[in-house]
Amino acid sequence: MNLQGLNREQRKAAETLEGPVLILAGAGSGKTRALTYRIANLIDHGVAPWHILAITFTNKAAKEMKERVNQLVGESGNDVWVSTFHSMCARILRRDIEKLGYSRSFTIYDDDDQSSVLKELYKTLNIDEKNMNPREVRAKISDAKNRLLGPDEWFAESPRDFRSQQFHDLYSAYEKKLRHSNALDFDDLLVRTLELFADHPPVLESYREKFQYVHVDEYQDTNFAQYSLVKLITHKSRNLCVVGDDDQSIYGWRGADIRNILSFEKDYPDATVIKLEQNYRSTANILDAANQVIAHNEGRMEKMLWTEAEEGDPIRVFCAGSERDEAAWICDRMQQLRMTGHDFGKMAVLYRSNAQSRVIEDMLVRAGIPYRIYGGLRFYDRKEVKDIVAYLRVIVNPSDDASLRRIINTPRRAIGDTTVAELAKHAEQEDMPLFSALVDIPESLSSRPRKCVSEFGDLMNDLIVAKEEMGLLEFVTHLIEKTGLKAQYTRDESDEGKTRIENIDEFLGAVAEYEKAAETPTLEDYLENVALVSDLDNAEFGAKCVTLMTVHSAKGLEFPIVFMTGLEENVFPTGRSVQNDEGIEEERRLCYVAITRAQKQLYISYASQRMLYNQVNYNAPSRFLREIPTRLLDNQLTAKRERSFPAPMESHVYSTPKRQPRYQAAESGHGLGAGRSALGIPGVQKGFTPSAASKMPSGAAPSLFKVGDRVMHRKFGQGTVSEIRGTGTDARVMIHFASYGLKEFVLSIAPIVKVND
DNA sequence: GAATAAATTGTTTTT
DNA sequence: CAATTTATTC
């Protein structure tokens with residue numbers, strides 16, 4: 001194996017093949033590289049590819065690693081198992097779950113399904129939602145499962161009060177319900193796999209035999225269940241190689257236990273510890289800032305990232321008057337960067353919470369900057385798509401009551417709440433799934449509902465038959481037709497109806513794509529994909545679009561130019577986290593992750609006034625900002641502005657005047673560029689539109705429109721800007737529409753975007 | 001039982 | 001503020 005391309009530490013990682021290995025890999029230190037070479041090297045040393053397992057945190061990472069291994073070793077790399085914990089467990093369970101009394105066609109329940117199960121249980125157990133909200137209960141159940149505690153075990157170590165008792169009953173009823181529905185939630189995938197291994201030693205033995213060499217990436221983000229699983233599998237071989245960075249542990253709230261990595265050396269006293277400390281990603285300034293911030297955390301593993309890269313640009317900090325101001329500034333900077341030869345595809349905007357994306361998105365649309373937003377609602381989470389998926393799930397697994405409830409009256413077929421309640425009662429009495437009640441209809445129903453129910457039952461049975469006779473895509477198309485799912489929207493002429501149809505078609509496209517790509521496409525396998533794969537997993541960057549995402553989603557990614565937004569107390573760090581040191585430390589790690597995403601340029605912004613949760617907040621600048629040495633920051637960029645509120649910070653703080661000429665018309669510049677922007681629809685835009693504002697001196701306020709611009713209005717269609725009056729929030733714009741004549745709008749709130757012909 | 005209007009309520013991060 | 005739940009009317 002040629003390991004020439006690796007540095008000394010990376011090479012050591014790739015060459016240490018036996019026994020426990022801990023690779024402490026700082027951000028951007030080439031850990032994936034080290035890991036892929038290690039796998040290739042194992043194969044080179046005669047280890048069969050199918051004896052190697054590599055567990056990653058996301059499907060995207062798995063895909064990437066697979067590709068890179070294949071590059072090194074060729075086709076044989078396909079036999080290496082590279083997957084996430086969840087996918088791996090799903091695959092193991094599909095084989096052997098019958099030993100646990102489930103059927104192989106089990107459904108994987110998402111948050112929504114969990115909630116609807118819980119809500120049902122509230123009714124039957126007579127629990128008031130006011131006392132225990134489903135969200136909290138879901139989190140508690142997840143937490144218990146991550147710690148491998150069943151309802152009784154959980155209760156055993158909880159205070160014996162009424163609430164505990166109530167939660168115990170709920171949890172235990174929830175477990176029963178899922179089992180009856182032949183369904184597993186996310187955490188169950190791990191828990192049940194462990195159960196399978198514990199109760200069926202030969203199965204465990206076979207996997208121990210199979211996975212001689214195990215790798216776990218992002219080890220700092222593993223929870224107790226995952227930790228146990230790894231420990232169990234590698235117990236005999238002891239060939240366990242974990243990779244991680246305690247400074248990047250950001251999933252504590254989801255049960256990840258940072259102690260897993262901190263005490264690896266205690267677990268395996270003979271472990272080889274390798275530190276990857278050379279950073280290949282960022283400029284020295286950016287790395288310096290990251291190091292300084294993270295140094296404020298206590299109890300870290302000892303390491304220090306360094307780089308051979310040049311200093312690079314200083315980090316630009318901007319204090320905006322408001323969140324809108326912040327967004328406008330970002331757009332302006334982006335347009336300037338675009339003018340100096342930086343593609344929009346190189347830029348990313350990172351924020352703490354999804355809620356922050358809206359204003360930025362708005363402003364990007366107005367500026368005509370193409371963007372792509374990740375997170376928020378997944379494609380598969382959209383109503384119309386979930387409906388189709390629910391049908392498919394019921395067909396694969398008729399015991400899936402939650403999905404059946406979802407579709408029993410969608411589209412409307414006159415089976416209302418009372419009828420469903422009647423069916424459910426009957427099913428309960430007979431101890432059978434709800435689906436059976438569609439055929440074995442209770443006596444209590446009168447003729448009209450009875451007829452509706454039996455028609456629906458016939459429809460479903462027809463579909464189950466059809467599924468066996470058709471190809472996947474053919475079948476799904478048939479299903480959408482037969483059920484009238486599409487028909488209910490074709491009548492709807494509104495934008496919403498149209499988007500739904502589009503989404504349905506896109507879903508069919510996804511099915512077609514899957515059918516083409518998969519070796520043996522099955523509906524069951526496709527549904528598993530739907531459950532476990534996120535939008536981000538299929539994302540392709542480098543398109544000519546700006547990327548918008550949360551810091552959490554950005555983990556593992558890198559961008560030449562990064563905008564970190566909302567660096568304010570109560571936002572980043574969040575208000576909730578400041579209550580304890582652990583919370584703050586995790587926020588700080590999150591901040592560290594954000595900074596280290598940047599390769600060349602880093603922009604940080606915060607707003608002195610921010611609309612949050614429907615009220616105006618005046619937050620102090622984030623403490624993390626203060627932790628970056630002033631020498632790394634740029635104070636030239638933002639022009640001197642009068643303070644609108646006292647900022648408790650030092651030299652690099654600048655405030656904006658309350659009235660900012662944000663949207664002032666620019667006299668010079670020509671709207672060059674081609675392409676058009678998609679109106680109103682969040683998501684993808686093609687092409688770009690450099691703004692005239694780009695020519696303005698740095699520090700000047702952005703102006704997004706000028707006289708003569710072609711614009712698109714949500715209602716009036718295309719028009720031309722004929723006049724702009726006033727400044728700041730008072731600014732008005734006159735637009736001439738071919739069909740409506742001249743109209744005046746308040747510039748800051750008008751639903752208009754720039755277009756180019 | 002369904003469609004509409006009114007009221008309420010909640011907001012971190014996600015495999 | 002918007003999304004969801006609840007009340008009201010047909």
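A few points on the structure. Remember, predicted model here, so these are calculated numbers, not experimental data.

## Focus on the protein's contact with DNA strand C
Around DNA strand C, the neighbouring residues are Lys119, Arg358 and Asn614. For DNA strand C, the fraction of protein-proximal atoms (within 4 Å) that sit in sugar or phosphate groups is 38%. Lys119 places a side-chain nitrogen or oxygen 2.9 Å from a phosphate oxygen of DNA strand C. The separation between a phosphate oxygen of DNA strand C and a polar side-chain atom of Arg358 is 2.9 Å.

## Quick look at the sheet that holds strand β6 (residues 213-216)
What the 6 strands build is an open sheet, ordered β3-β2-β6-β7-β1-β8; its pairing is parallel. The open sheet is flanked by β3 (81-84) and β8 (272-276), the only strands paired with a single partner. Each adjacent strand pair in this sheet contributes to an overall mean axis angle of 15°, direction not counted. As defined by bridge partners, β6 adjoins strand β7 (residues 240-244) across 3 bridges and the pair is classed as parallel.

## Regarding unusual backbone geometry
The linkage connecting Thr410 with the following residue, Pro411, adopts the cis geometry, with an omega of -10°. Mapping Pro411 onto the fold places it in the loop between α18 (401-407) and α19 (417-430). The phi angle at Asn182 is positive, at roughly 55°, despite the residue not being glycine. You can see Asn182 is positioned in the loop between α8 (162-180) and β5 (183-185).

## With respect to α19
When the terminal C-alpha atoms of α19 are compared, their 20 Å separation across 14 residues agrees well with the 20 Å that a helix rising 1.5 Å per residue should span. Listed in full, the buried residues belonging to α19 are Thr419, Val420, Leu423, Ala424, His426 and Ala427. Seen end-on, α19 carries its buried residues on one side only, within an arc spanning 165°. Exposed residues pointing more than 90 degrees away from the buried face of α19 are listed as Asp417, Thr418, Glu428 and Gln429. Elements that come into contact with the buried residues of α19 comprise α18 and α20 (447-469). At the exit of α19 stands Asp431, carrying a positive phi of roughly 55°.

## Let's talk about the pattern of salt bridges
Scanning the entire structure with this criterion turns up 49 salt bridges. One salt bridge connects Asp112 with Lys386, and the closest N-O pair in it is separated by 3.1 Å. In this pair, Asp112 sits in helix α5 (residues 111-125) while Lys386 sits in helix α17 (residues 383-396), placing the two residues 274 residues apart along the sequence. For Asp112, a relative accessible area of 44% gives the class partly exposed. Relative accessible area serves as the criterion here: at 9%, Lys386 is assigned to the buried category. Notably, a salt bridge pairs Lys303 with Asp247, separated by 3.2 Å at the nearest N-O pair. With Lys303 in the loop between α14 (284-294) and β9 (315-320) and Asp247 in the loop between β7 and α12 (259-262), the pair connects residues that are 56 residues apart, well separated along the chain.

Conventions used here
- Sequence order as written defines the numbering, with residues in each chain counted from 1.
- Chains and ligands are labelled sequentially in the order written, the chains with letters from A and the ligands with numbers from 1.
- Reporting of local features is limited, given that this is a predicted model, to residues whose pLDDT is at least 70; pairs of side-chain atoms are given and counted only at 80 or more, and all residues count toward the totals for whole chains, interfaces and linings.
- By convention in this description, side-chain values take in all heavy atoms of the structure and omit both hydrogens and water.
- Residues are counted as near a molecule or strand when any one of their heavy atoms sits within 4 Å of it.
- Side-chain atoms alone can form a polar contact between residues adjacent in sequence; in general such a contact is a pair of N or O atoms within 3.5 Å, and within protein one must be able to donate a hydrogen while the other accepts it.
- A strand pair is defined by DSSP finding two or more bridges across the two strands.
- Secondary structure counts use DSSP, requiring at least four H or I residues in a row for a helix and at least two E residues in a row for a strand, with both numbered from the N terminus.
- To obtain each axis, a line is fitted to C-alpha atoms, and for helices this fit is confined to the stretch in contact; angles are then taken between N-to-C directions over 0 to 180 degrees.
- Every helix has an expected span of 1.5 Å times one less than the residues it contains.
- Each residue's exposure class comes from its accessible area (1.4 Å probe, protein chains only) as a fraction of the maximum for that residue type: buried when under 20%, exposed when over 50%, partly exposed otherwise.
- Here the arc refers to the set of directions running from the helix axis out to each C-beta atom.
- Residues count as neighbours in contact if any of their non-hydrogen atoms are within 4.5 Å of one another.
- A carboxyl oxygen of Asp or Glu within 4 Å of a side-chain nitrogen of Lys or Arg is what we treat as a salt bridge.

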